[in-house]
Amino acid sequence: MAPTPVNDLTPAGNLGPATALVCRECGHRRELGAFYACEECFGPLEIEYDFGGLTRADIESGPANIWRYRGLLPVPANVADTPNTEPGLTRLVRADNLAEALGLQRLWVKDDSGNPTHSFKDRVVAVALAAARELGFKVLACPSTGNLANAVAAAAARAGIRSAVFVPSNLEQQKIITTAVYGGTFVTVDGNYDDVNRLASEIAGEQEDWAFVNVNVRPYYAEGSKTLGYEIAEQLGWRLPDQIVVPVASGSQLTKIDKAFQELIKLGFVEDKPYRVFGAQAEGCGPVSAAFKAGHDVVRPVKPDTIAKSLAIGNPADGPYVLDVVRRTGGAVEDVTDAQVVDGIRLLARTEGIFGETAGGVTVSVLKKLIDDGRLDPSAETVIINSGDGLKTLDAVSPVVAPSANIAPSLAAFRAAGLA
Ligand SMILES: Cc1ncc(COP(=O)(O)O)c(C=O)c1O
Ligand SMILES: [Zn+2]
């Protein structure tokens, strides 16, 4: 088949099993290319596929990273051969101590802090990079709440291409340093994430060979989060959990985990059974939670004010689709205070030895709230996502954790401290 011209740069390359782009709002279809908004109604575009005769054995014989699912992603079959950060296949931790503390029977933590730059964003960036190459882009760019900045800068460094990253200037110092270290163009902007996102759209309009992964390459980028759903199912022995709690910023991750579960059911890779999807937000930036509670279909933007900065998106692009998923599956969206975010981080750390970032604290505390309110079934198998690493949000816990004592280097001093 002749390649389809997609922009002034280059024809669309090889995007694996992807076949078309379809509007989520009006269903209008168009050819694959560097498009992200529907030409009819400006709705967001989704990728459609033909998965052919793909089997579970094909996946199981693949590499020990997200590329084992390449047959389910908009990437070429040889994607693993080009330099990339090889994210994925992070631990699914059986969390019996946390389960007991919360009164749950069976709980798992999908610990995505184990990715190369310590958050789930390495997944979406790896897919965006592979697609961006095929679409002829030259620069990997993004607006970010922090973790995406790390992932884009690192992936571009590894791929040997230029990066251009834009973040709010009030970001955690740890996330500034862990982006700057990779080199590339890195700009802090005096505004909140929604301001930075708007600026990125304007720059994308001018720089036609810049792939803003979560803006003009968003349909491809977002598919990377499906790998969280695939991995959870495969790691459970090709089963779906009964309940899953997912942090929500733009809402992309949550909707794509659901898409992954639906695809696995359709392919016959897992049993078709009900599951409930729950979204987790911070009270200081809970536009999707507010819409859920009010019974609204639209999400009214808010001005974020929370320590969970990675989730501080006041105008979430996929908010309405999160509402669709949680309502369809019988889940909910809930929010917690900043104090509860800190409690959640500490609870996960002391029960399971996992130091999550503020987004993880949001998720653990929302899990607790849903159990306490009787909205989550304590006897049903539950998975929560720890999407990032606590070392990047030290300020959240530094005021409330400290050594047990500071002593002189003598046995007498140890005894006197009363720690035995
Ligand atoms: C650690 C972490 N968890 C969760 C999210 C939410 O992802 P999404 O925007 O796909 O809802 C983000 C987004 O930046 C994040 O950094
Ligand atoms: Zn449309």
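My aim in this report is to walk through the structure given alongside it, one point at a time. (Residues numbered from 1 in each chain as written. Chains lettered and ligands numbered in written order. Predicted model: local features only at pLDDT ≥ 70, side-chain atom pairs only at ≥ 80, totals over all residues. Heavy atoms only, no water.)

As a further point, take the environment of Pro87. Mapped onto the secondary structure, Pro87 falls in the loop between α1 (56-60) and β4 (92-94). Given the relative accessible area of 0%, Pro87 is considered buried. For the pair Pro87 and Ala416, spaced 329 residues apart in sequence, the C-alpha separation works out to 48 Å. Not counting chain neighbours up to four residues away, the residues in contact with Pro87 comprise Asn65, Ile66, Asn115, Pro116, Asp122, Arg123 and Ala126. (Helix = DSSP H or I, 4+ residues; strand = E, 2+ residues; numbered from the N terminus. Buried < 20%, exposed > 50% of the residue type's maximum accessible area, 1.4 Å probe, protein only. Contact = heavy atoms within 4.5 Å.)

Rolled over the atoms, a probe sized like a water molecule indicates the empty space that remains. Counted by the stated rule, this structure contains 1 cavity of 30 Å³ or more. Taken as a whole, the largest cavity holds about 40 Å³ of empty space. Lining the largest cavity are Trp67, Val79, Thr82, Pro83, Asn84, Ala126, Leu129, Ala130 and Arg133. Looking at the lining of the largest cavity residue by residue, the classes come out as 6 nonpolar, 2 polar and 1 charged. (1 Å grid on protein atoms, 1.4 Å probe; cavity = no way out; pocket = protein on both sides within 12 Å on 5 of 7 lines; lining within 4 Å. Points joined across faces, edges and corners; volume = space filled by probe spheres on them. Nonpolar A, V, L, I, M, F, W, Y, C, P; charged D, E, K, R; others polar.)

Below, the discussion takes up the sheet that holds strand β1 (residues 18-23). With antiparallel pairing, 3 strands are arranged side by side in an open sheet as β2-β1-β3. Each edge of the open sheet carries a strand with a single partner, namely β2 (29-30) and β3 (45-49). Strand direction decides the pairing type here: β1 and β2, joined by 2 bridges, are antiparallel. Within β2, the position partnered with Val22 by the bridge is Arg29. (Pairing = 2+ DSSP bridges.)

Attention now moves to the pattern of salt bridges. Any two side chains of opposite charge can pair, on the condition that their charged atoms come close. With the rule as written, the count across this model stands at 31 salt bridges. Across the pair Asp112 and Arg123 runs a salt bridge, and its minimum N-O distance is 2.7 Å. On the criterion of sequence distance, the pair formed by Asp112 in the loop between β5 (107-111) and α3 (121-135) and Arg123 in helix α3 is long-range, its members being 11 residues apart. Just as Asp112 is buried, Arg123 falls in that class too. With its nearest N and O atoms 2.5 Å apart, the salt bridge here joins Lys256 to Glu223. Of the two residues, Lys256 is situated in helix α9 (residues 252-267) and Glu223 in helix α7 (residues 218-223); the sequence distance between them amounts to 33 residues. It is possible to trace a salt-bridge network through shared partners that takes in Arg24, Glu46, Glu223, Lys226, Lys256, Lys259 and Glu263. (Salt bridge = Lys/Arg side-chain N within 4 Å of Asp/Glu carboxyl O.)

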